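Residues per chain are reported as follows:
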Protein chains: 2
Amino acid sequence: MTGEAIADFGDEPMTGTSDGALARAAGVTAWRQIADAIEADVMNGRLTPGSQLPTEARLAERFAVNRHTVRRAIAALAAKGLLRATQGRGTFVEAKPLAYPIGRRTRFTEIVSREGHEAGGELMSATETVADEETARRLRLMPGAPVLRTEVRRFIDGTPVSYGTSFFPLPRFAGVTAVLRETGSITRALAACGVTDYMRAETRITARLATGDDAARLDLSPGRILFVVDALNVDGTGTPVQAAHVVFAADRVELVVENG
Amino acid sequence: MTGEAIADFGDEPMTGTSDGALARAAGVTAWRQIADAIEADVMNGRLTPGSQLPTEARLAERFAVNRHTVRRAIAALAAKGLLRATQGRGTFVEAKPLAYPIGRRTRFTEIVSREGHEAGGELMSATETVADEETARRLRLMPGAPVLRTEVRRFIDGTPVSYGTSFFPLPRFAGVTAVLRETGSITRALAACGVTDYMRAETRITARLATGDDAARLDLSPGRILFVVDALNVDGTGTPVQAAHVVFAADRVELVVENG
DNA sequence: AGGAATTTGTGCGTATGTATG
DNA sequence: TCATACATACGCACAAATTCC
């Protein structure tokens, strides 16, 4: 693999006859050779994180194979988390995972912007309901107590990294919905209800594979790994203010526990 | 599903004609019906964590199918993490994941025994080598400085839960090998070198799928989820004493971050 | 607002090489 | 040697999502 970058061909003629040439009738399948070529381009920096690959049609032309064959190579790399293909947009090189500190002060927006990225939040739903046994125990409420249930999806530089549901004790935090819908920031939503500061009391981390629903919400392929994070936030007096159940795309974040 | 537990049939006659009977020629494959039946037995507590299933041959007889069909059902549940089949031993219901606290004082043996389980450790290898760039940075050494590299596998109640490599600065911790080989305990090994107390400074958590090697070492099926944990331990003065790179079987532990 | 162009996603059919029995 | 099954690869057509004018 000494060829030029796959993405670098434009209208100019090919610079080498061996470029893009596959060893047909060799022991390795065509789609795997293509996948290896693309992966090498990513590893060598010829394709940088966030950059767009040529269209499947152009890659097929380039490697002199059918588009299906290119698609198979891309699918393999997407399953590895190296690429991400979106219908109507194109295929892109995935960004490096963001270090996501988990500590007493865990604030999504602060974390992301401190690393030089743009944080985004989207309130997907907000309904008043009653606490089930598990939620009541975590929020130290009676089962059946009124709670606000919100579903929030979070983005870094426009790509979704997590989504999940949160529960807030209800007489106290009735006002979070409006702020959450407008800003997508939990911190500001709680501040609007008089919680000037809150702390992460406990974080439980498990993992599972992405279902079709997860895949759709996080724009990744089914079967990728998800972190399942159950978090409890408390106010200055130690009173629970938020119980969250969030799934993260495991190859878009790296969870970091710092013990200062 | 109102049948008796699968594991409960012994020499007594069947208590109901429908027990174990499959809806052949229905829309659901035989192996999936068997898998669902076993899963229901686990969920309802008729099969408890740690208990052994009947042999594949007996299950095949029970459901009146070929043993291959039973194996497919078991394989599906093993892939979900519900069962674990070990050659020569049998098939067992997986235990619930153990809560594994990650904090300033993270001690494997203490954590496990406090939860009422038996902790085990096995030193797989110990070699003197030199620090590569990454290891040197973490241990605050010069690249090329001598370090001790150990590979340790850990068990809870006899089942492997993690394995990984650790690096110790070498002039100081030459004595850990012997203690580690004898006790499998990092805490005692460090104590033997004069480190009466150590602290977890940082823990980085990512995830990946188990390869064949991982699967062999942790006695799980390839493709299961692994937590990849990079940890740094320091002594009372803040000097790094151990840099570890450990993989955990993600469905045998739940990582818990507590912020006192 | 709307419609064309672009790009990925999906389905079907066909042919070929390679194990398997 | 034949039959079968499976994965690979190709070709064509259309659907669906996004972007751009």
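Just so it is clear, the structure is predicted and the values come from calculations on it, not from any experiment.

Caption draft 1: Main features of the protein's contact with DNA strand C. Residue and element names in this part refer to chain A. By nearness alone, every residue bordering DNA strand C is listed as T55, E56, R67, H68, R71, A85, T86, Q87, G88, G90 and T91. Each atom of DNA strand C within 4 Å of the protein belongs either to a base or to sugar and phosphate, the latter forming 63%. H68 is positioned with one of its side-chain polar atoms (N or O) 2.5 Å from a base oxygen of DNA strand C. With respect to DNA strand C, the side chain of Q87 contributes an N or O atom lying 3.2 Å from a sugar or linking oxygen. Secondary structure elements with two or more residues in the surface near DNA strand C: α3 (67-79), β1 (83-86) and β2 (90-93).

Caption draft 2: Representation of the protein's contact with DNA strand D in the model. Residues and elements named next belong to chain A. By nearness alone, 13 residues border DNA strand D, and A30, W31, H68, T69 and R72 come closest of all. Counting only the atoms of DNA strand D that lie within 4 Å of the protein, the sugar and phosphate share comes to 70%. Going through the elements one at a time, α1 (30-43) and α3 are the ones with two or more residues in the surface near DNA strand D. Per-element accounting of the surface near DNA strand D gives the leading share, four residues, to α3. When the residues that make up the surface near DNA strand D are grouped by side-chain class, the tally is three nonpolar, six polar and four charged.

Caption draft 3: Molecular detail of the packing of helix α2 (residues 56-63) of chain B against helix α3 (residues 67-80) of chain B. Residue and element names in this part refer to chain B. Their axes nearest at 8 Å, the elements α2 and α3 cross at an angle of 110°. Classified by the angle their axes make, α2 and α3 are roughly perpendicular. Along its contact with α2, which presents E56, A57, L59 and A60, the element α3 presents R67, V70, R71 and I74. The residue makeup of the contact of α2 with α3, split by class, is five nonpolar, no polar and three charged.

Caption draft 4: A look at the relation of the copies chain B and chain A. Least-squares fitting of chain B to chain A yields an RMSD of 0.1 Å, with the transformation described by 0.0 Å of translation along the axis and a rotation of 179°. Seen this way, the second copy is the image of the first under a two-fold rotation axis. The residues that chain B uses at the interface reappear at the interface of chain A in 100% of cases, marking a shared surface.

Caption draft 5: Just the interface of chain B and chain A, in detail. At the interface, 23 residues of chain B touch 23 residues of chain A. In this assembly, chain B packs against chain A so that about 2,100 Å² is buried in total across both faces, 57% of it on carbon and sulfur atoms. On the chain B side of the contact with chain A, I205, V257 and N259 of chain B bury the most area, a combined 28% of that side's loss. There are two salt bridges connecting chain B and chain A. Close ionic contact of E254 of chain B with R204 of chain A constitutes a salt bridge, the shortest N to O distance being 3.2 Å.

Caption draft 6: Quick peek at the environment of T109 of chain B. Residue and element names in this part refer to chain B. Looking at the secondary structure, you find T109 in helix α4 (residues 108-114). The exposure class of T109 is partly exposed, given its relative accessible area of 36%. Through-space distance from the C-alpha of T109 to that of T187 is 8.6 Å; in sequence the pair is 78 residues apart. Residue contacts for T109: discarding those within four places in its chain leaves A119 and S185.

Caption draft 7: Region of the structure containing the environment of T177 of chain B. Residue and element names in this part refer to chain B. Here T177 shows up in helix α6 (residues 176-183). Its relative accessible area of 17% is what places T177 among the buried residues. Put simply, T177 and I102 are 75 residues apart on the chain and 25 Å apart in space, counted from C-alpha to C-alpha. Sequence-distant contacts of T177, that is, excluding residues within four places in its chain, are made with L123, A126 and L148.

Caption draft 8: Spotlight on the pairing of strand β6 (residues 159-169) of chain B. Residue and element names in this part refer to chain B. The element β6 is largely enclosed, with a buried count of ten among its eleven residues. By the bridge criterion, ten bridges tie strand β5 (residues 146-156) to β6 in an arrangement that is antiparallel. In the strand pairing of β6, L148 is matched with F168. A loop of two residues connects β5 with β6, the two strands running antiparallel in sequence, and D157 in this loop sits at a positive phi of about 50°.

Caption draft 9: The sheet that holds strand β4 (residues 119-130) of chain A, seen in detail. Spatially, the eight strands line up as an open sheet ordered β4(A)-β5(A)-β6(A)-β9(A)-β8(A)-β7(A)-β10(B)-β3(B), and their pairing is mixed. Both edges of this open sheet fall to β4 of chain A together with β3 (98-102) of chain B, since each of them pairs with a single strand only. Each adjacent strand pair in this sheet contributes to an overall mean axis angle of 20°, direction not counted.

Procedures and definitions
Residues numbered from 1 in each chain as written. Chains lettered and ligands numbered in written order. Predicted model: local features only at pLDDT ≥ 70, side-chain atom pairs only at ≥ 80, totals over all residues. Heavy atoms only, no water. Near = heavy atom within 4 Å. Polar contact = N/O pair within 3.5 Å; in protein donor to acceptor, adjacent residues only side chain to side chain. Helix = DSSP H or I, 4+ residues; strand = E, 2+ residues; numbered from the N terminus. Nonpolar A, V, L, I, M, F, W, Y, C, P; charged D, E, K, R; others polar. Axes fitted to C-alpha atoms, helices over the stretch in contact; angles between N-to-C directions. Parallel < 35°, antiparallel > 145°, perpendicular 65-115°, else oblique. Contact = heavy atoms within 4.5 Å. Least-squares fit on C-alpha atoms with pLDDT ≥ 70 in both. Buried area = accessible area lost by both parts, 1.4 Å probe. Salt bridge = Lys/Arg side-chain N within 4 Å of Asp/Glu carboxyl O. Buried < 20%, exposed > 50% of the residue type's maximum accessible area, 1.4 Å probe, protein only. Pairing = 2+ DSSP bridges.

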